[in-house]
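# Architecture at a glance
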Amino acid sequence: MGKKVALISGITGQDGSYLAEQLLEKGYEVHGIIRRNSSDSTGNLAILETGYHNPLKKVNLHYGDVTDSNNVDKLMRKIQPDEVYNLAAQSHVRISFDIPEYTANVDALGTLRFLESIVKNDLVKKTKFYQASTSELYGEVQEIPQTEKTPFYPRSPYAVAKMYSYWIVVNYREAYGVFACNGILFNHESFRRGLSFITKKVVNLAVKIKKGKMDKMFLGNLYSKRDWGYAPEYTEAMWEILQHDQPEDFVIATGETHTIKELVEEVFVNLGDSVRWEGEGLEEKGILNSNGQVVVEIDPHYFRPTEVNLLIGDATKAKEVLGWEAKTRFKDLVKIMVSDELKSMQ
Ligand code: NAP
Ligand code: GDD
């Protein structure tokens with residue numbers, strides 16, 4: 001039997017880059033869709049591009065965009081993938097309030113374009129489809145912790161668009177028999193996370209503050225809670241979901257939740273310091289205990305019109321059915337991210 005062929009949309013992102021590396025290691029022929037950008041967006045793929053020293057580490061990149069049906073369809077017909085991982089998204093929740101229509105085009109209709117291509121091109125028996133669904137679907141949570149059975153209550157244009165994708169995956173599975181699955185992934189982080197997401201932002205800026213390169217950071221809501229895991233473990237779960245003998249949906253989470261404040265505190269502890277909090281509301285400040293420096297202030301720009309206050313997932317089904325379990329918990333995640341950030345700034 002020849003190599004299995006995988007197509008990853010969103011390959012330049014945090015998850016796409018880890019997944020590409022893992023699939024190459026498993027012996028897949030890996031294809032990825034990259035957008036034409038004015039400045040380079042392939043930083044996360046650096047390891048793959050050093051394939052010169054290791055010919056096995058090669059990924060086939062194709063220009064494309066999931067808003068372009070012809071492009072999606074053409075790539076699907078050309079590549080004839082055994083597995084599609086649809087990770088492409090306008091993935092920033094707050095920014096989805098600024099560009100809701102674009103977000104819907106990418107995050108909702110992008111998914112439909114792949115599924116339609118599978119059905120139209122007679123790929124139903126060949127191609128398995130993974131959809132990057134999200135804990136944001138739970139929004140104003142109806143149950144704690146959240147499982148595959150918890151009702152959705154999306155709280156942003158991003159989450160509403162992802163809700164369309166969730167259901168169109170279920171519908172194409174039931175209507176046409178597509179092997180299509182939702183991974184309902186809770187927040188997962190790493191050095192490769194985009195700079196505008198909270199974990200990477202706090203780690204990156206805290207390191208700069210401790211190195212004397214800047215004075216303080218501005219954050220939004222310090223009180224929301226997230227279930228943060230380590231990204232490479234979550235991309236491994238994506239693959240496992242598609243290897244299961246039938247198409248199903250899975251929650252992927254650590255089962256532990258922390259506030260943004262706790263994140264800030266833990267980051268500074270890993271930098272040999274500690275933070276105390278003074279003031280309330282917009283006047284709340286984070287202050288370094290070592291020297292009294294104000295390192296955190298609030299900027300309402302980062303508030304969302306509707307917030308998701310609490311996420312905590314129950315990944316029991318993934319453990320029982322797939323044997324998947326989160327290994328890296330909050331404290332170790334922060335340790336890894338701070339250490340990787342320090343190395344990158346040496
Ligand atoms: P990310 O780092 O923001 O990556 C998003 C990827 O999508 C990038 O490669 C981006 O390309 C690409 N993309 C954006 N718009 C596109 C378009 N119109 N056509 C083609 N590609 C496009 O996101 P991530 O953290 O890796 O997350 C991967 C997926 O999982 C996303 O769908 C996200 O919504 C979902 N998700 C993430 C988490 C999480 O905690 N990370 C949790 C649940 C679900 P450029 O590099 O050109 O921008
Ligand atoms: N980004 C950001 N920047 N968030 C902040 C800030 C700030 O300065 N200050 C406070 N926060 C709060 C947000 O209000 C939110 O409650 C929390 O930090 C996490 O924000 P993000 O890191 O931007 O992630 P997210 O939870 O909104 O969305 C991420 O996880 C989802 C899965 O639950 C993204 O990766 C989504 O694509 C993903 O679906």
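The following paragraphs examine the structure supplied in this document. All of these numbers come straight from a predicted model, not from anything done at the bench.

### Points about the site of ligand 1
Lining the immediate surroundings of ligand 1 are 27 residues, of which Thr12, Arg35, Asp65, Ser91 and Tyr158 lie closest. Within the backbone of His188, an N or O atom sits 2.9 Å from an oxygen atom of ligand 1. When ligand 1 sits alone it has 900 Å² of accessible area, and the protein chains cover 89% of it. Elements that contribute at least two residues to the shell around ligand 1 include exactly helix 1 (14-25), helix 5 (100-120), strand 5 (128-134) and helix 6 (157-176).

### Section: the packing of aromatic side chains
Within this structure, the stated rule accounts for nine aromatic pairs. A centroid spacing of 6.1 Å and a plane angle of 40 degrees characterise the contact between Phe114 and Phe129, whose relative ring orientation is tilted. Here Phe114 is found in helix 5, whereas its partner Phe129 is found in strand 5, with 15 residues between them in sequence. By relative accessible area, Phe114 is classed as buried at 0%. For Phe129, a relative accessible area of 0% translates into the label buried.

### Looking at unusual backbone geometry
Glycine aside, residues mostly have negative phi angles, and peptide bonds mostly take the trans form. Between Ile144 and the following residue, Pro145, the backbone shows a cis peptide bond with an omega angle of -5 degrees. A positive phi angle, close to 45 degrees, is found at Gln80, a residue other than glycine. Examined against the element boundaries, Gln80 turns out to sit in the loop between helix 3 (69-79) and strand 4 (83-86). With a relative accessible area of 33%, Gln80 lands in the partly exposed category.

### Regarding the sheet that holds strand 8 (residues 217-219)
Strand order across the open sheet formed by four strands is 8-15-14-13, with mixed pairing between neighbours. A single partner strand is all that each edge strand has here, and the edge strands are strand 8 and strand 13 (275-278). Here the strands of the sheet are splayed against their neighbours by 25 degrees on average, with no regard to which way each runs. One ladder, built from three bridges, connects strand 8 with strand 15 (residues 294-298); its direction is parallel.

### Regarding the side chain of His258
With respect to the element layout, His258 can be found in strand 12 (residues 258-259). Of the residues examined, His258 reaches a relative accessible area of 16% and is grouped as buried. A polar atom in the side chain of His258 sits 2.7 Å from the side chain of Glu256. Within polar-contact distance, the side chain of His258 engages the side chain of Glu262 at 3.2 Å.

### Quick look at the site of ligand 2
Around ligand 2, the structure places 23 residues, and the nearest of them are Thr134, Ser135, Tyr158, Arg304 and Glu307. Contact with the protein chains covers 96% of the free accessible surface of ligand 2, which is 720 Å². Considered class by class, the residues forming the shell around ligand 2 number eight nonpolar, nine polar and six charged.

### A word on helix 8 (residues 231-243)
Between the first and last C-alpha of helix 8 there are 19 Å, a value that for 13 residues agrees with the 18 Å anticipated at 1.5 Å per step. Burial analysis of helix 8 places ten of its 13 residues in the buried class, the great majority of the element. Taken together, the buried positions of helix 8 are occupied by Ala231, Pro232, Glu233, Tyr234, Thr235, Ala237, Met238, Glu240, Ile241 and Leu242.

Conventions used here
- Residues numbered from 1 in each chain as written.
- Chains lettered and ligands numbered in written order.
- Predicted model: local features only at pLDDT ≥ 70, side-chain atom pairs only at ≥ 80, totals over all residues.
- Heavy atoms only, no water.
- Near = heavy atom within 4 Å.
- Polar contact = N/O pair within 3.5 Å; in protein donor to acceptor, adjacent residues only side chain to side chain.
- Areas by Shrake-Rupley, 256 points an atom, 1.4 Å probe, with all protein chains shown as cover.
- Helix = DSSP H or I, 4+ residues; strand = E, 2+ residues; numbered from the N terminus.
- Phe/Tyr/Trp six-rings, centres within 6.5 Å; stacked < 30°, edge-to-face > 60°.
- Buried < 20%, exposed > 50% of the residue type's maximum accessible area, 1.4 Å probe, protein only.
- Pairing = 2+ DSSP bridges.
- Axes fitted to C-alpha atoms, helices over the stretch in contact; angles between N-to-C directions.
- Nonpolar A, V, L, I, M, F, W, Y, C, P; charged D, E, K, R; others polar.
- Expected span 1.5 Å × (residues − 1).

Worth remembering: the numbers are spatial, not functional.
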